[in-house]
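Now for the letters of each chain:
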Amino acid sequence: MAYEYQSDHALSYFPCRYGKSKLLFRGPKKRLDGDYVAVLGGTETYGKFVENPFTDMLEQRLGTTVANLGCVNAGPDVFIGDEVVMDICSHARVTVIQVAGAQNLSNRFYAVHPRRNDRFLKASKLLETIYRDVEFNDINFTRHLLSTLESNSADKFLMVRQELKDAWVARMTTLLAKIDSKVVLLWMADHAPEDNFAQTGLQADPLFVDREMLEQVRPMVDDIVEVVAGHDEVDAGYERLVFSELDAPSARQMLGAVAHDRVAGALQGVLSDLL
């Protein structure tokens, strides 16, 4: 059985900020006046429901400070717009970037909240023209938006999907250009990048990102680490998560503690050579 509690705060994340950044990260806050590794990412990097996330395990194994700069539901936009985070990454010995999905970034069709990237702000005139019969005022989140667009017209949705893929490559290129340190991309998912085309619906994470997109940004990074968690590993990892009863559905969406173990091991070897 997973550890379940009635409290909505079953696990303390010791939220903290660095400098003047408005972003809240998982603590405890780290001192960054010596050598350290910076890790950017979304919900998995943050370690939601994970008592000992891969960032903590990595710090223990490397003997080097690891700053967890993961934000729940974050896409590239949230980091590009934060100069404090970009400065932390540029002064790190190595920056690890968890590959995020393409849905949570602003593009030609819609805008997202600058810090809470899963929040849909508004549709562009172009999207309103293409989807004249969609009521955008009733939509608050990007996945809700995309599911609405796809169900409205599968053919039109192909344009939206391609726009998001193109925007992801462009935004990742911008993000990587702003970081002066060595960079390692982390693919952390329940499927390999080349299998993304086979994922049905809009639940696969990182959404819409595939092998071709990773190869486009590969020249800008020092390495790409891929960890694919099998279904048995996800189930076993779920049993080790810490969450409240109300959070059980959300916990089921996570890769789990076993995946974090594997990520820590995979990154340890690569980072040891780069530090």
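Residues numbered from 1 in each chain as written. Predicted model: local features only at pLDDT ≥ 70, side-chain atom pairs only at ≥ 80, totals over all residues. Heavy atoms only, no water.

Draft legend 1. Seen up close, the overall build of the protein chain. Within the protein chain, the secondary structure is distributed over 11 helices and nine strands. The globule rule puts the C-alpha radius of gyration for 275 residues at 19 Å, and the 18 Å found for the protein chain is close to it. Split into buried and exposed, the 275 residues of the protein chain put 53% on the buried side. Sequence separation of at least 24 residues holds for 70% of the intrachain contacts in the protein chain that already meet a minimum separation of 6. Only carbon and sulfur atoms are counted for the fraction: they give 48% of the accessible area of the protein chain, which is about 12900 Å². (Helix = DSSP H or I, 4+ residues; strand = E, 2+ residues; numbered from the N terminus. Rg over C-alpha atoms; globule rule 2.2 N^0.38 Å. Buried < 20%, exposed > 50% of the residue type's maximum accessible area, 1.4 Å probe, protein only. Contact = heavy atoms within 4.5 Å. Areas by Shrake-Rupley, 256 points an atom, 1.4 Å probe, with all protein chains shown as cover.)

Draft legend 2. Here's a closer look at the packing of aromatic side chains. Inspection of every chain in the model, using the stated rule, returns seven aromatic pairs. Considering the side-chain rings of Y13 and Y46, the 5.2 Å spacing of their centres and the 50 degrees angle between planes classify their relative orientation as tilted. In this pair, Y13 is assigned in the loop between β1 (3–5) and β2 (36–41) and Y46 in helix α1 (residues 43–46), connecting sequence segments 33 residues apart. Note on accessibility: Y13 and Y46 belong to one class, buried. In this structure an aromatic cluster arises from ring pairing among F49, Y238 and F243. Positioned above the aromatic ring of Y238, the side-chain terminus of R252 is 3.7 Å from the ring centre. (Phe/Tyr/Trp six-rings, centres within 6.5 Å; stacked < 30°, edge-to-face > 60°. Lys NZ or Arg CZ within 6 Å of the ring centre and 35° of its normal.)

Draft legend 3. Local environment of the environment of L274. Structurally, the position occupied by L274 is in helix α11 (residues 257–274). Its relative accessible area of 16% is what places L274 among the buried residues. Considered as a pair, L274 and I139 are 135 residues apart in the sequence and their alpha carbons are 44 Å apart. Discounting chain neighbours no more than four positions away, the residues touching L274 are R93, V94, K182, V184 and D222.

Draft legend 4. Quick look at the environment of R17. Note on placement: R17 falls in the loop between β1 and β2. Look past the residues within four positions of R17 in its chain and what remains in contact with it is K22, L23, L24 and K29. A polar contact is formed between the side chain of R17 and the backbone oxygen of K22, at a distance of 3.4 Å. (Polar contact = N/O pair within 3.5 Å; in protein donor to acceptor, adjacent residues only side chain to side chain.)

Draft legend 5. Quick peek at the sheet that holds β2. Overall, parallel pairing links the five strands, which are arranged β3-β2-β4-β7-β8 in an open sheet. With one partner strand each, in any of the chains shown, β3 (65–70) and β8 (223–228) form the two edges of the open sheet. Between one strand and the next, the sheet's axes are offset by a mean angle of 20 degrees, whatever the strand orientation. Two elements, β2 and β3, share six bridges in a ladder whose sense is parallel. (Pairing = 2+ DSSP bridges. Axes fitted to C-alpha atoms, helices over the stretch in contact; angles between N-to-C directions.)

Draft legend 6. Representation of helix α2 (residues 54–62) within the structure. Of all the positions in α2, only F54, T55, M57, L58 and L62 are classed as buried. Along the long axis of α2, the arc covered by the buried residues comes to 160 degrees, so they all point the same way. Each element contacted by the buried residues of α2 is listed here: β2, α1, β3, β7 (182–189) and α11. Remark: G63 follows α2 within two positions and exhibits a positive phi of approximately 70 degrees. (Arc of directions from axis to C-beta.)

Draft legend 7. Geometry of the packing of α2 against α11. Where α2 meets α11, the closest approach of the two axes is 9 Å, and the angle between their N-to-C directions is 40 degrees. For the element pair α2 / α11, the angle class is oblique. Two packed elements cross with a definite hand, and for α2 against α11 that hand is right-handed. The segment α2 lies against α11, with F54, M57, L58, R61 and L62 engaging H260, D261, V263, A264, G265, L267, Q268, L271 and S272. Partitioning the contact of α2 with α11 into residue classes produces eight nonpolar, four polar and two charged. (Parallel < 35°, antiparallel > 145°, perpendicular 65-115°, else oblique. Left-handed = near helix turned anticlockwise from the far one by under 90°. Nonpolar A, V, L, I, M, F, W, Y, C, P; charged D, E, K, R; others polar.)

Draft legend 8. How the structure looks around α11. Compared with the 26 Å implied by 1.5 Å per residue over 18 residues, the 26 Å span of α11 between its first and last C-alpha is a close match. At Q268, α11 shows its maximal kink, close to 30 degrees. Residues A257, V258, A259, H260, V263, A264, L267, V270, L271 and L274 constitute the buried set of α11. (Expected span 1.5 Å × (residues − 1). Bend = angle between axes of the 7 residues up to and from the residue.)

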